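The chain contents come next:
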Amino acid sequence: MATPNYGFEKRQKELAKKRKKEDKLKAKSDRKSGHFSEDGTELDDAQVTPEEPLATDSPVTQSPSP
C-alpha cells in the first residue's frame, strides 16, 4: 500500500484556501463597483447603467453675489 503524501494534501488545501480568499475579494470589489444587484445576483453589462456625464452643452453661469 502507498503511503499518504501529506505535503501534497497540505499544498492543495492551501491553494484552495487562497483561491477562495481571492474569489471573496473579487466578489467584494464587484459589489463595491456596482456590478451586483441588491439580492447578490450578477448583472449583465447591458443591465449596468453607467453614471450620466454632466451636461457640458450649456455654459454654467453664476449670478453675481450681492
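The sections below set out a description of the structure shown in this document. One numbering rule holds for all chains: residues counted from 1, following each sequence as written. Whole-chain, interface and lining totals are the exception, using all residues; otherwise, since this is a predicted model, local features are given only for residues with pLDDT of at least 70 and side-chain atom pairs are given and counted only at 80 or more. As a rule here, side-chain values come from all non-hydrogen atoms in the structure, and water together with hydrogens is ignored.

Some thoughts on the overall build of the protein
- Secondary structure assignment for the protein yields one helix and zero strands.
- Buried means the residue's accessible area, taken with a 1.4 Å probe over protein chains only, is under 20% of the maximum for its type, while exposed means over 50%, and partly exposed covers the values in between. Split into buried and exposed, the 66 residues of the protein put 2% on the buried side.
- Per element, the accessible surface of the protein, about 7200 Å² overall, is 53% carbon and sulfur. A helix here means a DSSP run of H or I that spans at least four residues, while a strand means a run of E at least two residues long, and both kinds are numbered starting from the N terminus. In short, Shrake-Rupley with a 1.4 Å probe defines the accessible areas, and a residue's cover is counted only from the protein chains shown.

A short note on the pattern of salt bridges
- Within this document, salt bridges are pairs made up of a side-chain nitrogen of Lys or Arg and a carboxyl oxygen of Asp or Glu, the two lying within 4 Å of each other. This structure, assessed with the given rule, holds two salt bridges.
- Between Glu-14 and Arg-11 there is a salt bridge, with the nearest N and O atoms lying 3.9 Å from each other. On the criterion of helical spacing, the pair formed by Glu-14 and Arg-11 is a turn pair, its members being three residues apart in helix H1 (residues 6-33).
- Residue Glu-14 is classed as partly exposed on the basis of its relative accessible area of 38%.
- In this structure, Asp-30 engages Lys-26 in a salt bridge whose closest nitrogen and oxygen atoms are separated by 3.2 Å. Taken together, the positions of Asp-30 and Lys-26, both in helix H1 and four residues apart, correspond to about one turn of that helix.
- Here Asp-30 falls in the buried class, since its relative accessible area comes to 18%.

Some remarks on H1
- Each helix should span, by expectation, one fewer than its residue count multiplied by 1.5 Å. Over its 28 residues, H1 runs 41 Å from end to end, which matches the ideal 40 Å to within 8%, given 1.5 Å per residue.
- The buried count for H1 comes to one of 28 residues, which makes it a mostly uncovered element.
- Of the residues trailing H1, Gly-34 is marked for its positive phi of about 90 degrees.

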